[in-house]
There are 2 protein chains.
Amino acid sequence: MKRKIILNLAMSIDGYIADENGGYDWIVGDGSNHLDTIQKWDFNKFLENVDVVVAGKNCYDQNILGEYKDKKVLVATSKEMEDHDNYRFIKDDIVQTVLEERKLPGKDIYLFGGGKLVDHFMKADVVDEIIIGIIPTILGKGIPLFLNNGQEIKLKMDEYIFENGIAILKYSKR
Amino acid sequence: MKRKIILNLAMSIDGYIADENGGYDWIVGDGSNHLDTIQKWDFNKFLENVDVVVAGKNCYDQNILGEYKDKKVLVATSKEMEDHDNYRFIKDDIVQTVLEERKLPGKDIYLFGGGKLVDHFMKADVVDEIIIGIIPTILGKGIPLFLNNGQEIKLKMDEYIFENGIAILKYSKR
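Residues numbered from 1 in each chain as written. Chains lettered and ligands numbered in written order. Predicted model: local features only at pLDDT ≥ 70, side-chain atom pairs only at ≥ 80, totals over all residues.

Residue and element names in this part refer to chain B. Here Glu129 is to be found in strand β7 (residues 129–135). Judged by local crowding, Glu129 falls into the partly exposed class, with 17 C-beta atoms found within 10 Å. With 29 residues separating them along the chain, Glu129 and Asp158 place their C-alpha atoms 9.3 Å apart. Apart from residues no more than four positions distant in its own chain, Glu129 is found in contact with Lys4, Ile6, Lys170, Tyr171 and Ser172. (Helix = DSSP H or I, 4+ residues; strand = E, 2+ residues; numbered from the N terminus. Buried ≥ 20, exposed ≤ 12 C-beta atoms within 10 Å, placed from the backbone. Contact = placed C-beta atoms within 7 Å.)

So, on to the relation of the copies chain A and chain B. The transformation that overlays chain A on chain B combines an axial shift of 0.0 Å with a rotation of 180°, and the residual RMSD is 0.0 Å. In symmetry terms, the pair is related by a two-fold rotation axis. Taking the C-alpha atom as reference, chain A places Gly15(A) closest to the rotation axis, 3.3 Å from it. Of all interface residues in chain A, 100% are interface residues in chain B too; the two copies therefore contact each other through one and the same surface. (Least-squares fit on C-alpha atoms with pLDDT ≥ 70 in both.)

So, on to the sheet that holds strand β10 (residues 153–163) of chain A. Whether parallel or antiparallel, the strands of a sheet pair through hydrogen bonds between backbone atoms. Taken in spatial order, the 9 strands of this open sheet run β5(A)-β4(A)-β3(A)-β6(A)-β1(A)-β7(A)-β11(A)-β10(A)-β8(B), and their pairing is mixed. In this open sheet, the two edge strands, each paired with only one partner strand, are β5 (87–90) of chain A together with β8 (137–138) of chain B. One ladder, built from 4 bridges, connects strand β4 (residues 72–76) of chain A with β5(A); its direction is parallel. By the bridge assignment for β5(A), Val73(A) is matched with Tyr87(A). Packed on one face of the sheet, helix α4 (residues 115–123) of chain A meets β1 (5–12), β3 (50–56), β4 and β6 (108–113) of chain A together with β8 of chain B and runs near 135° to β6(A). (Pairing = 2+ DSSP bridges. Axes fitted to C-alpha atoms, helices over the stretch in contact; angles between N-to-C directions.)

Let us now look at the pairing of β6(A). Residue and element names in this part refer to chain A. Along β6, 6 of the 6 residues are buried, which leaves the element largely enclosed by surrounding structure. Where β1 meets β6, 3 bridges bridge the pair, whose relative direction is parallel. The partner of Leu7 across the bridge, within β6, is Leu111. Summarising the sheet, β3 and β6 pair through 5 bridges and their orientation is parallel. The residue of β6 that forms the bridge with Val54 is Leu111.

Bringing the interface of chain A and chain B into the picture now. Opposite the 33 residues of chain A that make contact, chain B presents 33 residues. Elements with a minimum of two residues in the side of chain A that touches chain B: β8 (137–138), β10 and β11 (166–173) of chain A. The greatest single-element share of the side of chain A that touches chain B, amounting to 7 residues, is contributed by β10(A). Grouping the amino acids of the side of chain A that touches chain B by side-chain chemistry returns 17 nonpolar, 9 polar and 7 charged. (Nonpolar A, V, L, I, M, F, W, Y, C, P; charged D, E, K, R; others polar.)

Right, let's talk about unusual backbone geometry for a bit. All names here are of chain A. The peptide bond linking Gly113 to Gly114 adopts the cis configuration, its omega dihedral lying at 0°. Locating Gly114 in the fold gives a position in the loop between β6 and α4. For Asn63, which is not glycine, the phi torsion reads 60° and is therefore positive. Within the secondary structure, Asn63 sits in the loop between α2 (57–61) and β4. Positive phi values are uncommon outside glycine, yet Asn149 reaches one of about 65°. Take Asn149: it is sitting in the loop between β9 (143–144) and β10. Overall, the presence of 9 C-beta atoms within 10 Å leaves Asn149 in the exposed class.

Spatial strand order, β8(A)-β10(B)-β11(B)-β7(B)-β1(B)-β6(B)-β3(B)-β4(B)-β5(B): 9 strands in an open sheet with mixed pairing. In this open sheet, the two edge strands, each paired with only one partner strand, are β8 of chain A together with β5 (87–90) of chain B. Bridging between strand β10 (residues 153–163) of chain B and strand β11 (residues 166–173) of chain B involves 8 bridges; their strand directions are antiparallel. Bridged to Leu155(B) within β11(B) is Lys173(B). Sitting on the sheet, helix α4 (residues 115–123) of chain B is in contact with β8 of chain A together with β1 (5–12), β3 (50–56), β4 (72–76) and β6 (108–113) of chain B, with an inclination near 135° to β6(B).

Turning to the environment of Tyr171(B), a few remarks are in order. With respect to the secondary-structure elements, Tyr171(B) resides in strand β11. A sequence separation of 37 residues divides Tyr171(B) from Ile134(B), and the C-alpha atoms of the two residues are 13 Å apart. For Tyr171(B), the contacting residues outside a window of four places in its chain are Pro136(A), Glu129(B), Ile130(B), Leu155(B), Lys156(B), Met157(B) and Asp158(B).

And the structure:
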């Protein structure tokens, strides 16, 4: 089975993935479980099917990639950096690097973020699945997931999960 | 019961409400009904509880307000225009006008769009309910719903409906 490149992240209703200061404390539910689906979001199960994580340099700097120690973490960076532990720093074309990686045998590839990194993959139209958790908040300002000037990508809905007012929507390419 | 100001529109996953040319032909489902909820989206029922529609001048110019003949349609405009039929042109502060309207007895107030008009209401934090139909498409570019530099508005999810791959999410203020 072909390895998939899967974008998976949370965004506000107005499309932000972090607040102005890069903060995530708004990424919470609405405190009510009355609309929850029976199916729950199982992040650990998602990670079981992943062996490569792709992230931008900002994510690395924020120390939020520590829970992926058993995976290869590809970090896109504009400057030369030395690989260490499970981190591989990619100064070359990150999309091309991931597409080469995908040709090798392995599990799925988790496109972690942030927005600038994701944009490269969206514009190359190489994202196979999109899992978005829509947080019940209009953030007003912050760091956007989707940048401008992309192409249209038609999707189909594969699954939905509701938990605590968060809508987790899974799509793949139509 | 207090009249509510209800934002109700469709947007792409990346937050656009119209394509670059103002077009809406991408506002369709994914062609599959296997995830449909039993509950369907009933636009006519929604309209039954509405007696005022608020829209921007662009929407008026596009002739897409014709189905609201039995309602008062408030059109925000920057220049002096003469009222006709059910259209009232508002050159003054549209938010203030709608808030005055809300004090009178009546049904709910449907905030139709577009983005610039909606932004005034979001920034004044006077939108009571938000019903967003998320179209299973990443549009890439177009006319955004949410502009920048707003304030954070915490919401709670009140209902969800799925139809043909479109997620209809209803929120009110937390």
